[in-house]
Amino acid sequence: MQPRDLVFYSPWRNFWRSYRANHLALIALYVLAGLSMIVVLTPLISPHGPHRVGVGEPFASPSFEFIMGTDKLGRDVFSRVLWGARVSLFVGFAAATASTFFGVIIGTISGFLGGRVDDMLMRVTELFQVIPRFFLALLLVSLFGANIWNIIIAIGILSWPVTARLVRSEFLSLKKRQFVDAAKMQGASSVAIILIEILPNASGVIIVNSTLMVAQAMLLEAGLSYLGMGDPSTVSWGLMLYQAQSSLMRAWWIALFPGLGIFLSVLALNLVGDGLNDVLNPRAQDVKEMVL
Amino acid sequence: MSNSKPFTFYLVRRVLQFIPLIFWVIAINFVIIHLAPGDPVQYLTGELEATVEFQETMRKEFGLDKPLITQLGIYFGKVLRGDFGYSIRYQEPVLRLILSRLPATFLLIGTALLLATTFGTFFGAFFARRATIGENAVTLLSLAGYSMPIFFLGQLLLIVFSFKCGWFPAQGMMSLRVRETGLWAMLDVLRHLVLPAITYATYHLALIFRLTRSKMLETLSQDFIITARAKGLDRRTILFRHALRNAILPVVTLLGVNMGFMLAGSVLTETVFAWPGMGRLMYECIMARDYPVLMGLFIFVSMMVAVGNLLSDIFYALIDPRITY
C-alpha cells in the first residue's frame, strides 16, 4: 500500500482499504457479520424452541431431520445451538462493553491526574493481576447466584484493570505530545483536552482491546457455564458443553457443535482484533527486508 | 553483576511489595465472606447441616458478634498462622487438604508448561520468516490455539483418542483396578497424563509461539544479524545461537507468571479429565458449597501467583544486563 494510494480517499475509505488487504481478517469480519445475522434471525430459522423437550428420540445422532442430533432429553441440538448463540454472544459483548467503559474512565483519571490517584489505582490493578480471575468469577457467581447479569458483572469486574492500564499508558505518552501543549496554550479546559485531543488518538488501542475482550469474555462465560455456574434458565454454548460432559462417550454431537460455535466466534473475534490492530496501530519499525 | 548492591536493594524492595499484596488478598477474602448473601457463619463452616451449638462456637471463634475490625483482625491472625479453617466435606483442615492435592496439579502444570515452552519457542524461532504464503496459515494456527476453549479441546481429545481409539485412559491419574508400584506405576501415571497435558499446553503454546516469533522478527532486523551473516555464519547458527538468546528473554521471564496463571486456571482441564489436583478440588467444593476450602484456595492460589510474578521479576532483573534498578 503506497502512501500515494491513500492520499486521495477519506479516512474511512482508507481504513477499509487497509483492512481489506488482510485476507484473514476480512474473512473473519464476514464470519462475524454472518453470525450477527443468524442471531437476529434465530426466531425465524430455528426449527424448535430452545427448551422444547422430546421432539425426537433422546441421543439421536445427526440426521436429515435433526442436523445436529438430539440430546438426552430429546431436544434438538441445532435449535439450541442457534438460541445459545444469542446468549453467549450477548454475555460476551455486554461484559466487554461494561469493562471497557469502566476501564477507560478509570484509566483516563489515572493517566491524566497522575500522582497519588495514579499510584493507588495502579496498586488496585496489580492486585487484580494476582488474584486468579477465573476462580474469583466462579466464587462470585456461586455466592451471588448464577444468572446472566451476575455473570456479566463478574466478568466485567475482572476485566476492567487491563483496559485501565492500557488507557493509562496511552495517556501518559500522549500527554507529552505537542498538540496537547498547543491546546493548552489556546486555553482549552482539561475536559476538552481529554475528549478532543487525547481520547481520539487512544481510540485505536481501545477499540482493539475491546474486541479482544469480547473474545475473552465469551471464553470466560463458557468456562463458568461448563463448571455448572451458568444460568440454567437460558441456553448458552457453555451450558450445552456442561450438559454434554456426562454423555460424551455415546453422544459426541452434543459437545461438538456448541464447542465449534464458541471456537469459531472467538477465533473470528481474535482475527478481527488482530486485523484492526495492524491497521489502527502500526508499529514504528516494520521488518521490511530481512537478511536471513 | 558488577555492582550487586542495587540488585539486593531491588530484591528487598520487590519482596517487601509482596507483603501488602497478601494483606489485600486476605482482606478481599474477608470482604467477600461478609458481602455475600446470608449468614457469614455458613461461609466459615460450610453449608452441610451444622448444629446450632457448632454455629455458636464458630460465631464466638470468629468473633462475629464483635465489630468488623476486630473480626478482620481475628481472621488475619488465623490465616497467618496457617489456620484456613476446616472442611466439612472432607473432614480435614483446609490447608492440609490443599497441600495434598498440590503435587498432582504441579505434575500436570509442569508437564504442560514444559511442552508449551519448548515447542512454542522452537516453532516460534523456526517460523520467524516473512513468507507471505505461509504467514496466513501460521497466524491462523496460532490464533486457533488460543481461541479454542480448553475444556472443549479436552472433550474433543477425549472423544477421539480415548473413546473412539482407546489409546489413552479417559479419567483420573491412575488406574483403579490394578495396584501398580514402582516403574509400572510411573508409566501408568504418564499414560494418564498425556491427554490432559496436551490439552492444557495448547493455549500457552500458541501464546509463546506468537511471542517468540514476533520477538525473533524484531531481533532479526537488527544490525548484528547482518554482521553475523557477513561473517559467513549459516542460518541455523545465527538463528539459534545469536538471535534466539535475545528473543527468548520475555518467554523465560514469563515462566514464573505463566506458572501462576496455569495454577489458577487448572480447574477446567482437571474437571474434564477428573485429574485429582487442586483445580478439581475447586470444582468439587463449588458443587458442595464447601466455603472454607474455597476461601482457603483463594488465598493460597493468589499467593502462588504472586510468588510466580515475584520470581519472574527477579529472574528478569538477574539475566537482563540492560535494565537498571
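Residues numbered from 1 in each chain as written. Chains lettered and ligands numbered in written order. Predicted model: local features only at pLDDT ≥ 70, side-chain atom pairs only at ≥ 80, totals over all residues.

## Details of the overall build of chain B
Check the secondary structure of chain B and you find 14 helices and two strands. Counting the 325 residues in chain B, one finds 38% classified as buried. In chain B, once contacts between residues fewer than 6 apart in sequence are set aside, the share between residues at least 24 apart is 73%. (Helix = DSSP H or I, 4+ residues; strand = E, 2+ residues; numbered from the N terminus. Buried ≥ 20, exposed ≤ 12 C-beta atoms within 10 Å, placed from the backbone. Contact = placed C-beta atoms within 7 Å.)

## Comments concerning the overall build of chain A
The helix and strand tally for chain A stands at 11 helices and zero strands. For chain A, the sequential pattern of α-helices and β-strands runs α-α-α-α-α-α-α-α-α-α-α. With the C-alpha coordinates aligned to their principal axes, the bounding extent of chain A is approximately 75 × 50 × 45 Å. Burial status across chain A gives 45% buried among its 292 residues.

## Observations concerning the packing of helix H5 (residues 94-126) of chain B against helix H13 (residues 278-288) of chain B
All names here are of chain B. It is the contact of H5 with H13, at a shortest axis distance of 7 Å, that shows an interaxial angle of 130 degrees. Considering their axes alone, H5 and H13 lie oblique with respect to each other. Taking contact as the criterion, the partners of Ile-98, Arg-101, Leu-102 and Thr-105 in H5 are, on H13, Met-278, Gly-279 and Leu-281. (Axes fitted to C-alpha atoms, helices over the stretch in contact; angles between N-to-C directions. Parallel < 35°, antiparallel > 145°, perpendicular 65-115°, else oblique.)

## Some thoughts on the interface of chain A and chain B
The extent of an interface is frequently quoted as the accessible surface area lost upon association of the parts. On the chain B side, the residues contacting the 37 residues of chain A number 46 residues. Where the side of chain A that touches chain B is concerned, the elements lending two or more residues are helix H3 (23-45), helix H5 (115-130), helix H6 (133-144), helix H9 (190-229) and helix H11 (253-280) of chain A. Among the elements that make up the side of chain A that touches chain B, the one with the highest residue count is H11(A) (nine residues). Across the side of chain A that touches chain B, the residue classes tally to 30 nonpolar, six polar and one charged. (Nonpolar A, V, L, I, M, F, W, Y, C, P; charged D, E, K, R; others polar.)

## Describing the packing of helix H4 (residues 77-113) of chain A against helix H7 (residues 148-174) of chain A
The N-to-C vectors of H4(A) and H7(A) enclose an angle of 35 degrees; their axes lie 5 Å apart at closest approach. As for the relative orientation of H4(A) and H7(A), their crossing is right-handed in sense. (Left-handed = near helix turned anticlockwise from the far one by under 90°.)

## A word on unusual backbone geometry
Across residues other than glycine, the phi torsion is negative in most instances, and most of the peptide bonds are trans. The phi torsion at A:Phe59 lies on the positive side, around 55 degrees, for a residue other than glycine. Locating A:Phe59 in the fold gives a position in the loop between H3 and H4. For A:Phe59, a count of 16 C-beta atoms within 10 Å corresponds to the partly exposed category. Located in the positive-phi region is B:Ala274, a residue other than glycine, with phi close to 50 degrees. Checked against the element boundaries, B:Ala274 lands in the loop between helix H12 (266-273) and H13.

## Some words on the nonpolar core
All names here are of chain A. Grouped together as the largest cluster of nonpolar side chains are 145 residues, with contacts concentrated most on Ala-137, Leu-138 and Leu-241. The leading source of residues in this core is H11, at 15 residues. Counting residues in hydrophobic clusters, the runner-up holds 10 residues, among them Ile-106, Val-167, Phe-171 and Ile-198. (Core = buried A, V, L, I, M, F, W, Y, C linked by C-beta atoms within 7 Å.)

## Notes on the environment of A:Leu239
Among the secondary structure elements, A:Leu239 is positioned in helix H10 (residues 237-245). For the pair A:Leu239 and A:Leu227, spaced 12 residues apart in the sequence, the C-alpha separation amounts to 8.4 Å.

## Looking at the environment of B:Leu220
With respect to the element layout, B:Leu220 can be found in helix H8 (residues 182-220). Here the alpha-carbon distance between B:Leu220 and B:Gly77, two residues 143 residues apart in the chain, equals 54 Å.

## Brief notes about helix H7 (residues 150-164) of chain B
Residue and element names in this part refer to chain B. The end-to-end C-alpha separation of H7 is 20 Å, in line with the 21 Å expected for 15 residues at 1.5 Å each. For H7, the principal kink sits at Leu-158 and spans about 30 degrees. Among the residues of H7, Ile-150, Phe-151, Phe-152, Leu-153, Gly-154, Gln-155, Leu-157 and Leu-158 are the ones counted as buried. Looking one or two places after H7, you find Gly-166, whose phi comes out positive at around 75 degrees. (Expected span 1.5 Å × (residues − 1). Bend = angle between axes of the 7 residues up to and from the residue.)

## With respect to the confidence of the model for chain A
Overall, the predicted model of chain A reaches an average pLDDT of 85, with 94% of residues at or above 70. When pLDDT is averaged over each element of chain A, H11(A) comes out on top at 92 and helix H1 (residues 3-6) of chain A at the bottom at 57. (pLDDT = per-residue confidence, 0-100.)

## Thoughts on the environment of A:Phe102
All names here are of chain A. In this structure, Phe-102 sits in helix H4. Judged by the 17 C-beta atoms lying within 10 Å of it, Phe-102 is partly exposed. C-alpha of Phe-102 to C-alpha of Ala-164: the two residues are 62 residues apart in sequence and 7.7 Å apart in space.

## Side note on the confidence of the model for chain B
Mean pLDDT over chain B works out to 81, with 89% of the residues at or above the 70 mark. For this predicted complex, the interface confidence score (ipTM) comes to 0.86, while the overall pTM stands at 0.87.

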